[in-house]
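# Overview (structure and organization)
Listed below, chain by chain, are the residues.
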Amino acid sequence: MRAVITVVGRDTVGILAKVSALCVDFQANIIDVTQTVLEDLFAMIMLVDVSGMSLPFAQFKERMASLGQEQNLSIHVMHEDLFNSMHRI
């Protein structure tokens with residue numbers, strides 16, 4: 001099972017490191033990452049394998065959302081199947 005994590009907010013030092021560290025804490029394997037900085041706006045998309053996580057998917061989503069609030073970022077986690085369904089033409 002894979003998930004898509006999106007992160008958007010003001011660029012600050014360590015955003016990628018903090019999101020990655022949380023993935024590591026819960027044994028979510030990062031498969032791919034793309035990020036960009038537009039002036040002072042940070043945007044990132046991660047593809048993560050969540051099949052071996054140490055906590056339920058819903059709790060992982062909640063913890064990522066909490067990290068977003070703590071860091072003044074918008075962090076969303078979506079199961080890959082839902083993401084693909086939403087983006088079909």
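Residues numbered from 1 in each chain as written. Predicted model: local features only at pLDDT ≥ 70, side-chain atom pairs only at ≥ 80, totals over all residues. Heavy atoms only, no water.

## Comments concerning helix α1 (residues 15-25)
Of the residues making up α1, those classed as buried are I15, V19, S20, L22 and C23. For α1, the arc enclosing every buried residue in end-on projection is 155 degrees, short of the 170-degree limit, so these residues lie on one face. Buried residues along α1 sit in contact with β1 (2-10), β2 (29-38), β3 (41-49), α2 (57-71) and β4 (73-79). (Buried < 20%, exposed > 50% of the residue type's maximum accessible area, 1.4 Å probe, protein only. Helix = DSSP H or I, 4+ residues; strand = E, 2+ residues; numbered from the N terminus. Arc of directions from axis to C-beta. Contact = heavy atoms within 4.5 Å.)

## Quick word on α2
Since the α-helix advances by 3.6 residues per turn, residues separated by three or four positions end up pointing in the same direction. In this model α2 runs 21 Å from its N-terminal to its C-terminal C-alpha over 15 residues, within 8% of the 21 Å that 1.5 Å per residue would give. Where α2 is concerned, the buried positions are F57, F60, M64, L67 and G68. Mapping the buried residues of α2 onto a view down its axis gives an arc of 100 degrees, with all of them on the same face. Facing away from the buried side of α2, by more than 90 degrees, are the exposed residues E62, Q69 and E70. For α2, the secondary structure elements touched by its buried residues are β1, α1 and β4. Downstream of α2 by a residue or two, N72 has a phi angle that is positive, lying close to 60 degrees. (Expected span 1.5 Å × (residues − 1).)

## Brief notes about a nonpolar patch on the surface
On the surface, a nonpolar cluster with roughly 250 Å² of combined accessible area is contributed by V8, L38 and L41. With respect to the secondary-structure elements, L38 resides in strand β2. (Patch = residues over 30% accessible without salt bridge, like charges linked within 9 Å, V, L, I, M, F, W, Y side chains within 5 Å. Areas by Shrake-Rupley, 256 points an atom, 1.4 Å probe, with all protein chains shown as cover. Salt bridge = Lys/Arg side-chain N within 4 Å of Asp/Glu carboxyl O.)

## Focus on the environment of V19
Within the secondary structure, V19 is located in helix α1. Contact partners of V19, with chain neighbours within four places excluded, come to I5, V7, M44, M46, M64, L67 and I75.

## A few points about the pairing of β2
As judged from the 9 bridges shared by β2 and β3, these two strands associate in the antiparallel manner. Note on β3: the bridge partner recorded for V37 is F42. Count of turn residues in the β2/β3 antiparallel hairpin: 2 residues, of which E39 carries a positive phi of about 55 degrees. (Pairing = 2+ DSSP bridges.)

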